[in-house]
Amino acid sequence: WDDKCYSIAECYKLLINATTQTADAWAPRMWNNFNIPKTNFTMWLISKNRLPICDRISRYSQISDTQCAICDQQLDSIQHLFNECYYTKKLREEVDTWLYDPDIKALRMKKKKIISTVLVNMNYDIWRVRNKAYHDKCVDGIPQILKCMKAKTKRRIMSLIFVTPDGGDDGRWLEAIEFLRTF
C-alpha cells in the first residue's frame, strides 16, 4: 500500500471488474433470443456465483448436510455441481453425442445459437435436478432429462423460426424441419 491513499470505492471497482469479466464471457450464450428467459436467469446466477447452494448458504446459516444431493460425495457447490459431479459429466456426454450428430453438424441455420440454447437448458436442468434431489430425495434419470431438453429446445426454436416479427414466413422452414427431425 506504500504511502498512497486507497479508497473503498476503488477496491470495490477492482473486485467488480474481476467478477464481471467471468460473467462477460458467458454473456453471448446467456442473452441469445433462442434461450428461454428462466434459463437465462439461472445462467446469470451461475455466472455471478449467486445460486442458493449449500456451500454459500452454510456461510450464513447452519445447515446439517452440505453434501451434493445428487452424488452425496462432495461439497454442494457451483463448481462441483456444474463441472465435477458424475451426473453432470454423464449428461454432458449424452448432450455432446446428440449435438455432434452428423445431421446437426451439417445444419447451417444458426447452429451456434441452437447449441448455446441446449447448453443453457442443460445447466438449468442440472439445477432443477439438484433441487429435486435436495428437496424430494429423488434424482431424475439422464434419458428423461435429455428428452425434456430436446423437447424444450424444439418448442423454442419452432416458436422463433416459423413466425418473424412481421408475422410472415421466415423462409427457413425446410431447413428447420430437417433440423427438428433429429430431435
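Residues numbered from 1 in each chain as written. Predicted model: local features only at pLDDT ≥ 70, side-chain atom pairs only at ≥ 80, totals over all residues. Heavy atoms only, no water.

### A word on helix α2 (residues 37–47)
The α-helix advances 3.6 residues per turn, and as a result positions three or four apart in sequence lie on the same side. The cut-off we apply is this: Only protein chains enter the accessibility calculation, which uses a 1.4 Å probe. A residue is then buried if its area is under 20% of the maximum for its type, exposed if over 50%, and partly exposed in between. Runs of H or I in DSSP of at least four residues are treated as helices and runs of E of at least two as strands, each being numbered from the N terminus.
If you check which residues of α2 are buried, you get Thr 39, Asn 40, Thr 42, Met 43, Leu 45, Ile 46 and Ser 47. At the C-terminal side of α2, Asn 49 shows a positive phi close to 60°.

### Quick word on unusual backbone geometry
Within the chain, Asp 72 stands out as a residue other than glycine whose phi angle is a positive 55°. Along the chain, Asp 72 falls in the loop between α3 (54–57) and α4 (78–84).

### Some details on a nonpolar patch on the surface
Basically, it comes down to this: Every patch collects residues that have over 30% relative accessible area and no salt bridge, joining them within 9 Å if they carry like charges and within 5 Å if they are nonpolar side chains (Val, Leu, Ile, Met, Phe, Trp, Tyr). Where accessible areas are quoted, they stem from the Shrake-Rupley method and a 1.4 Å probe; at the residue level, only the protein chains shown are allowed to cover. A pairing counts as a salt bridge when a side-chain nitrogen of Lys or Arg comes within 4 Å of a carboxyl oxygen of Asp or Glu.
The grouping of Trp 31, Phe 41 and Trp 44 at the surface amounts to a nonpolar patch, some 360 Å² of accessible area in total. Along the polypeptide, Trp 44 turns up in helix α2. The class of Trp 44 is partly exposed, set by a relative accessible area of 33%.

### Notes on the side chain of Asp 55
Using the following cut-off: In this analysis, two residues are considered to be in contact whenever any of their non-hydrogen atoms come within 4.5 Å of each other.
Of note, Asp 55 is situated in helix α3. Classification of Asp 55 by relative accessible area gives buried; the value is 18%. Apart from residues lying up to four places away in sequence, Asp 55 is in contact with Leu 75, Asp 76 and Ser 77.

### A closer look at the confidence of the model for the chain
Stated formally: The predictor's confidence in any single residue is recorded as pLDDT, a number from 0 to 100.
For the chain, mean pLDDT is 75; residues scoring 70 or higher make up 65% of the total. Counting interchain partners and residues more than four positions distant, the pLDDT-below-50 stretch residues 163–167 has two contacts.

### Remarks on the nonpolar core
Note the threshold: Nonpolar cores were defined as sets of buried Ala, Val, Leu, Ile, Met, Phe, Trp, Tyr and Cys residues, with membership established by side-chain atoms within 4.5 Å.
Ranked by size, the top nonpolar core spans 29 residues in total, and within it Leu 51, Ile 70, Leu 81, Phe 82, Tyr 87, Leu 91 and Val 95 carry the most contacts. Mapped by element, the contributors of at least two residues to this core are α2, α4, α5 (86–99), α7 (111–136) and α8 (142–161). Counting residues per element, this core draws most heavily on α7, which supplies eight residues. What Ile 70 contacts, discounting residues up to four positions off in sequence, is Leu 81, Cys 85, Tyr 86, Tyr 87, Val 129, Arg 130, Ala 133 and Val 139.

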